[in-house]
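Residues per chain are reported as follows:
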Amino acid sequence: MNDKIITFLNSDLLNNYLIGQTNASETLEVEHYISEFPEIKKAYDTLQDKLEFSSQLNAVKAPKLVLSNVLDALDDKPVIALKPKRTRKWYSLAIAASLTALMLGVSSVYLYNQNKQLSSENQTIADEIFDLRSDIANNNSTLTQLLEQFKQLNNPETEKYVLKGNTRAKNLKTVAYINPEEKKSMIDVVSLPQLPDNKVYQIWAELQDKMVNLGVLSQADRRLQEIPYTEDALGLSISIEPKGGSQVRSNDTPVAEISLKLND
């Protein structure tokens, strides 16, 4: 997904277009993006389907019994051929008014609940749009990080070192990338043989008089990642240490090691 698509989706143009709040130039711009980019067309179709579904689901109709009940209550056809008295007429009208008020009250409660449900559905759609924007932002951040790593790998000052396991870890393979000019180091864990639960692999930088801990390696870290850069390092090595790592490398022979080129 290119930057132009990400920038467009992060704006409010698509949402405004859906609800008819764009001017003529904005409308032309949105329609151009929808026809030009499949990603934007997919996002537009998704939002349009959700809005259409929400409006159909929450279309409010008056209860069918309301009108018939009101008409029945107001029906002034006499039951028997008697001349109605004034007090009887007043009493009938009072009953009719009470029934009408009751029906209107029931209808109002029904409409209130429907509007409340519609508001909840609209909030859900708004939350989904927010989540979509959050996902786009996260993907954009990941893409930026990958581009930075790619830039480092293709830097002519970056040196590549392949560490292969010895007889104690035949299938071990990692690749280290070190740039002394920008003082950055990265490692790519290609494969690590299985260890007991109480053991881990740990990578070290070798200096003149000590070994510097660069972190614990695991099969879950099978991706390009940064490790601490060590000035004047003579070499790199990988050893097997107790679970949780160690601040001092064990006396056992490393399972992989390599010498680094020294700057002139």
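As the structure is a prediction and not an experimental result, all values here were calculated from the model.

What counts as what
- Residues numbered from 1 in each chain as written.
- Predicted model: local features only at pLDDT ≥ 70, side-chain atom pairs only at ≥ 80, totals over all residues.
- Heavy atoms only, no water.
- Helix = DSSP H or I, 4+ residues; strand = E, 2+ residues; numbered from the N terminus.
- Buried < 20%, exposed > 50% of the residue type's maximum accessible area, 1.4 Å probe, protein only.
- Contact = heavy atoms within 4.5 Å.
- Areas by Shrake-Rupley, 256 points an atom, 1.4 Å probe, with all protein chains shown as cover.
- Core = buried A, V, L, I, M, F, W, Y, C linked by side-chain atoms within 4.5 Å.
- 1 Å grid on protein atoms, 1.4 Å probe; cavity = no way out; pocket = protein on both sides within 12 Å on 5 of 7 lines; lining within 4 Å.
- Points joined across faces, edges and corners; volume = space filled by probe spheres on them.
- Nonpolar A, V, L, I, M, F, W, Y, C, P; charged D, E, K, R; others polar.
- Phe/Tyr/Trp six-rings, centres within 6.5 Å; stacked < 30°, edge-to-face > 60°.
- Arc of directions from axis to C-beta.
- pLDDT = per-residue confidence, 0-100.
- Polar contact = N/O pair within 3.5 Å; in protein donor to acceptor, adjacent residues only side chain to side chain.

It is worth spelling out the overall build of the protein at this point. When helices and strands are tallied, the protein shows 6 helices and 8 strands. Scanning the protein from its N terminus toward the C terminus, one meets helices and strands in the order α-α-α-α-α-α-β-β-β-β-β-β-β-β. Of all 264 residues assigned to the protein, the portion counted as buried reaches 29%. Sequence-distant contacts in the protein: of pairs separated by 6 or more residues, those separated by 24 or more amount to 63%. For the protein, the exposed surface amounts to about 18300 Å²; the carbon and sulfur share of it is 54%.

Counting 24 residues, the largest nonpolar core has L172, Y201, L217, L236, I238 and V255 as the members making the most contacts within it. Looking at this core, the elements with two or more residues in it are β1 (159–164), β2 (173–179), β3 (184–191), β4 (199–206), β5 (211–217) and β7 (235–242). Ignoring any residue separated from it by four or fewer positions in sequence, one finds Y201 in contact with A169, L172, L192, P193, L195, G215, V216, L217, I238, S239, I240 and V255. By size, the runner-up hydrophobic cluster in this structure holds 18 residues, among which are I5, L14, I40 and A43.

The gaps left among the atoms become clear once a water-sized probe is rolled over them. In this structure the tally under the stated criterion is 2 cavities of 30 Å³ or more. A volume near 90 Å³ is recorded for the largest cavity. Forming the walls of the largest cavity are F8, L9, S11, L14, N15, A43, L47, I129, L132 and R133. Of all the elements in the fold, those that place two or more residues in the lining of the largest cavity are α1 (3–10), α2 (13–18), α4 (38–57) and α6 (86–153). Here the element with the most residues in the lining of the largest cavity is α6; it accounts for 3 residues. In terms of residue class, the lining of the largest cavity is built from 7 nonpolar, 2 polar and 1 charged.

With that settled, consider the packing of aromatic side chains. Per the stated rule, a full pass over the model turns up 3 aromatic pairs. Residues Y33 and F37 carry aromatic rings whose centres are separated by 5.5 Å and whose planes lie at 35 degrees to one another, so their mutual orientation is tilted. Of the two residues, Y33 and F37, both sit in the buried class. Linked through ring pairs, F8, Y33 and F37 together constitute an aromatic cluster.

Positionally, D232 belongs in the loop between β6 (224–227) and β7. Sequence separation between D232 and Q208 is 24 residues; the distance between their C-alpha atoms is 8.6 Å. Setting aside residues no more than four positions away along its own chain, D232 makes contact with E206 and L207.

Inspection of α1 places I5, I6, F8 and L9 among the buried residues, and these make up the whole buried set. One side of α1 carries all its buried residues, which in axial view fall inside an arc of 165 degrees. Looking at α1, the residues exposed on the side facing more than 90 degrees away from the buried face are D3, K4 and T7.

Working note: non-glycine residues mostly have negative phi, and peptide bonds are mostly trans. With phi around 55 degrees, K183 is a residue other than glycine that occupies positive phi space. Relative to the helices and strands, K183 is located in the loop between β2 and β3. In this structure, D232 takes a positive phi of about 60 degrees despite not being glycine.

In low-pLDDT segments, the atomic positions of the prediction should not be examined closely. In the predicted model, the protein carries a mean pLDDT of 78, and 73% of its residues have values of at least 70. Looking over the protein, one finds the lowest element-wise mean pLDDT in helix α5 (residues 64–74), namely 56, and the highest in β4, namely 92. This model gives residues 84–88 a pLDDT under 50, and the stretch forms 0 contacts once residues within four places in sequence are excluded.

Below, the discussion takes up the side chain of N155. With respect to the secondary-structure elements, N155 resides in the loop between α6 and β1. Among the residues examined, N155 registers a relative accessible area of 18% and is labelled buried. Within the structure, the side chain of N155 is placed 3.3 Å from the side chain of E182, a separation counted as a polar contact. The contacts of N155, once residues within four sequence positions are left out, are N179 and E182.

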